[in-house]
Amino acid sequence: MSVCFICLICSLSFCIFPLSLYLPLSLSLSLPLSHTPSVAVKESQLEKVVRVTSDGMLHSPGFPHTYPRSTDLVWRLVAAEENSRIQLTFDPRFGLEDPEDGVCKYDYVEVEEPTEGTVLGRWCGSQAAPSMHVSKGNQVRIRFMSDEYFPSEPGFCIHYTLQINPFKWAPQSVEALGELVAGFSTVEELFKYLEPDRWQLDLEELYTPTWQVLGKSFFHQKKARGMVDLNLLRDEVRLYSCTPRNLSVSVREELRRTDAIFWPSCLLVKRCGGNCSCCSNRCYDCHCTPTRVAKKYHEVLMLKLRPGGRGPQKSLTDVPLEHHEECSCVCKNDSD
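What comes next concerns the included structure.

Calculation criteria
Counting from 1, residues in each chain are numbered in the order their sequence is written. Local features in this predicted model are restricted to residues of pLDDT 70 or higher, and side-chain atom pairs are both shown and tallied only at a pLDDT of 80 or more, whereas totals for entire chains, interfaces and linings draw on every residue. The side-chain figures draw on all heavy atoms in the structure; neither hydrogens nor water molecules are used. Paired strands are those between which DSSP finds at least two bridges. In this text, helices come from DSSP runs of H or I with a minimum length of four residues, and strands from runs of E with a minimum of two, each type numbered from the N-terminal end. Axes here refer to lines fitted to C-alpha atoms; in helices the fit is confined to the stretch in contact. Angles between the N-to-C directions go from 0 to 180 degrees. Should an angle fall under 35 degrees it is taken as roughly parallel, and over 145 as roughly antiparallel, whereas 65 to 115 is taken as roughly perpendicular and any remaining angle as oblique. Helix crossings are classified by the rotation of the near helix relative to the far one: an anticlockwise turn of less than a right angle makes the crossing left-handed, while a clockwise turn makes it right-handed. Any two residues whose heavy atoms approach within 4.5 Å are treated as being in contact. Three classes are used, and their members are as follows: Ala, Val, Leu, Ile, Met, Phe, Trp, Tyr, Cys and Pro are nonpolar, Asp, Glu, Lys and Arg are charged, and the others, Gly among them, are polar. Put simply, a disulfide is two cysteine sulfurs that come within 2.5 Å.

**Structural notes on the sheet that holds strand S1 (residues 48–52)**
For step 1, the next point in the chain: Overall, mixed pairing links the five strands, which are arranged S1-S3-S8-S5-S6 in an open sheet. Taken across any chain shown, the strands that pair with only one partner, and hence form the sheet edges, are S1 and strand S6 (118–123). Neighbouring strand axes in the sheet, compared pairwise and without regard to direction, differ in orientation by 20 degrees on average.
For step 2, the next point in the chain: With five bridges joining them, strand S5 (residues 108–113) and strand S8 (residues 139–146) adopt antiparallel strand pairing. Considered in S8, the bridge of Val109 is made with Phe144.

**Some remarks on the packing of helix H4 (residues 187–194) against helix H5 (residues 199–206)**
For step 1, the next point in the chain: Between H4 and H5, the shortest axis-to-axis distance is 8 Å and the interhelical angle comes to 125 degrees. Considering their axes alone, H4 and H5 lie oblique with respect to each other. Along this stretch, H4 crosses H5, giving a crossing that reads as right-handed. Across the interface between the two elements, Val187, Glu188, Phe191 and Lys192 from H4 touch Trp199, Asp202, Leu203 and Leu206 from H5.
For step 2, the next point in the chain: Grouping the constituent residues of the contact of H4 with H5 by class yields five nonpolar, no polar and three charged.

**Quick look at the state of the cysteines**
For step 1, the next point in the chain: Counted by the stated rule, this structure contains four disulfides.
For step 2, the next point in the chain: Across a sulfur-sulfur distance of 2.1 Å, Cys104 and Cys124 are joined as a disulfide pair. On the sign convention where negative means left-handed, the S-S torsion of about -85 degrees between Cys104 and Cys124 marks this disulfide as left-handed. Remark: Cys124 occurs in the loop between S6 and strand S7 (133–134) and Cys104 occurs in the loop between strand S4 (85–90) and S5; sequence separation between them is 20 residues.

This is the structure we're talking about:
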């Protein structure tokens, strides 16, 4: 039986050389070399539209307990009138999966202004709950995302309130106006809320110099913009009013130990302090309260008496002390 010598050579070459050498270049590059599993996250559910006509709330599934894995929920809050605004207030109980390198990548809640296409914030971890926010338009989009790993608790809860534009509904009292103004973090946001169509012009007019007559002399009534920073003044108050600050405490009193002496007898800890005079116009009793507390250990010398009149027993020991990491002014009415 005769064997084709050329065929034999060709068949052997397939065993020696890679298959990709016999394929067109575009086909050989498309062959999968490995398979990388993707993170299993459910496809985003249809955006749920919530018509805001009164107060309400939305929260992570299971709040205030552990939320489920692989969740993607989107709410769009819509006020009926274009001149209306929506106020968002987070429940103090807040906790999602911790960030990675300071970035919320896995489990987070995100707030977006759909009319402007800007993300106002993305939050996660066990940090203090985000501060109150008033929308710039009549819509707000809220998204909650969790991956398939490490669900946390308690999740989040957002209370929303409808606010009517003051030019269509004037506050009935100075206190109501003060509470409305206190909800804004910058003077630009305040002006944009008060007059959405001409807020920039109003802001410029605020700093336009005008002349006043006093006797026979003239003087400027207003300062040029840039000489006074209203936002900086507000931030300085927030920075130094109710904040964690150094406080010396007695180790014995903190531990409630009567059977031992510690050296040093006092240690520095972080505790909430400062006044809350700008807490709320309707608040009768406002306290600087810790919103995030951590237990830290300090190594000290402990002395305990021995029976029989011998010298005291000496040893190094770790004592746990409470440190306040974040603080907030909390209102307690007289009726509470």
